[in-house]
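Read off the chains here:
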2 protein chains.
Amino acid sequence: MRDLSIGELSRRTKVKVPTVRYYEDVGLMPAPPRSEGKQRRYDADAVSRLNFIRHARELGFEVNAIRELLDLSADRYRPCEEIDAIASRHLSDVTRRIAQLQMLEKELQRMVQQCGHGSVEDCRVIETLNDHAHCSPNAHPIGLSPRDRAGSP
Amino acid sequence: MRDLSIGELSRRTKVKVPTVRYYEDVGLMPAPPRSEGKQRRYDADAVSRLNFIRHARELGFEVNAIRELLDLSADRYRPCEEIDAIASRHLSDVTRRIAQLQMLEKELQRMVQQCGHGSVEDCRVIETLNDHAHCSPNAHPIGLSPRDRAGSP
DNA sequence: ACTACAATCTCTAGTGACTATAGGTGCAAG
DNA sequence: CTTGCACCTATAGTCACTAGAGATTGTAGT
């Protein structure tokens, strides 16, 4: 399992080639040794590390958080409080986000259900959007993440 | 209600000044007339339109979708099927997103709960992240949207 | 009319986590 | 030895803003 090309690494970890190079740029992956022709050569450790990164990304950890997790996990005898804290913080972010999206979902459902499929003149969707005194004043639950398009490329 | 400065418009709609200019750049807001000194001057229509945009963004519609909604709603006698379709598509995006995040939430909860607060050596969080054969193979539920930080600025 | 000072102007660059493209080089098989 | 894919670097684009620099305008008080 020695001297994998970046393409082989990509196939084994399901992380795309440009993404691997990107992870190197931002310091998640160390710069690997090169072949005589300056191509990257990876070993089994790189495969493990990249799998760790991929899995953490799938769980929604940000790159900065993953960097911390990798740094913290390097020392096997360190107490895992800090690791736990990162994971817990992320969990509560996700929970909060779900709550926001559920409020959105309710409002969108109301909007769509009330639409009588007539003309724009009396469309509930447009009316709702025009009526700017509508929901809780402090919530700002905007946006789907950009990554949501494309289920599998 | 005539000749509002961009700052006044901003105060009335709760949309920040640079954001108003951004909406003009990307064609959501029409370029308004200018004062002698080339400062933007807005009228009541601008206030309505910007409120519409703000509300749509709060509901998570993308700028492109809002552009469509605005175009479609310009014709009062058009049947509102297309508008309905945009809203429904967005609703199903939100619903799907919630489902993804809930799966994430479950896995994160498992991870955090199982952590015995010992050392990194036997930390469940790290173990889970290292174990790359774990969850459904097709799901890619990555990421919180960037807008999620900052509840109210 | 003059002076402060806030508000506005344009333009550029940065955010996060990639993805896409262009134009060039390396490497292995036939 | 040549074909052709894999690889290289570097740059720009995505989305919806946000932040900053540096210049100009509007306005309130004197």
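Cut-offs applied
Residues numbered from 1 in each chain as written. Chains lettered and ligands numbered in written order. Predicted model: local features only at pLDDT ≥ 70, side-chain atom pairs only at ≥ 80, totals over all residues. Heavy atoms only, no water. Helix = DSSP H or I, 4+ residues; strand = E, 2+ residues; numbered from the N terminus. Buried < 20%, exposed > 50% of the residue type's maximum accessible area, 1.4 Å probe, protein only. Contact = heavy atoms within 4.5 Å. Near = heavy atom within 4 Å. Polar contact = N/O pair within 3.5 Å; in protein donor to acceptor, adjacent residues only side chain to side chain.

- Per an unreviewed UniProt entry, the recorded name for chain A is Helix-turn-helix domain-containing protein, and the organism is Tianweitania sediminis.

## Focus: unusual backbone geometry
Most peptide bonds take the trans form, and the phi angle of most residues other than glycine is negative.
Residues and elements named next belong to chain B.
Argument step 1. Positive phi outside glycine occurs at Lys 14, with the angle close to 60°.
Argument step 2. Counting through the fold element by element, Lys 14 comes out in the loop between helix H1 (6-13) and helix H2 (17-25).
Argument step 3. For Lys 38, which is not a glycine, the phi torsion comes out positive at approximately 70°.
Argument step 4. Relative to the helices and strands, Lys 38 resides in the loop between H2 and helix H3 (44-58).
Argument step 5. Owing to a relative accessible area of 65%, Lys 38 belongs among the exposed residues under this scheme.

## Structural notes on the side chain of Thr 128 of chain B
Argument step 1. Mapped onto the elements of the fold, Thr 128 of chain B is located in helix H6 (residues 124-130).
Argument step 2. Thr 128 of chain B gets classed as buried once you look at its relative accessible area, which sits at 12%.
Argument step 3. Each residue touching Thr 128 of chain B, except ones within four places of it in the same chain, is listed here: His 55 of chain A together with Glu 107 and Met 111 of chain B.

## Quick look at the protein's contact with DNA strand D
Argument step 1. Taken together, 20 residues are adjacent to DNA strand D, and Ser 5, Gly 7 and Arg 21 of chain A together with Ser 35 and Arg 57 of chain B come closest.
Argument step 2. Backbone sugar and phosphate groups make up 88% of those atoms of DNA strand D lying within 4 Å of the protein.
Argument step 3. Within the side chain of Ser 5 of chain A, one N or O atom sits 2.7 Å away from a phosphate oxygen of DNA strand D.
Argument step 4. Lys 16 of chain B places a side-chain nitrogen or oxygen 3.5 Å from a phosphate oxygen of DNA strand D.
Argument step 5. Among the elements of the structure, helix H1 (6-13) of chain A together with H2 of chain B are those that each provide at least two residues to the surface near DNA strand D.
Argument step 6. Examining the composition of the surface near DNA strand D, we find that three residues originate from one element, H2 of chain B, more than from any other.

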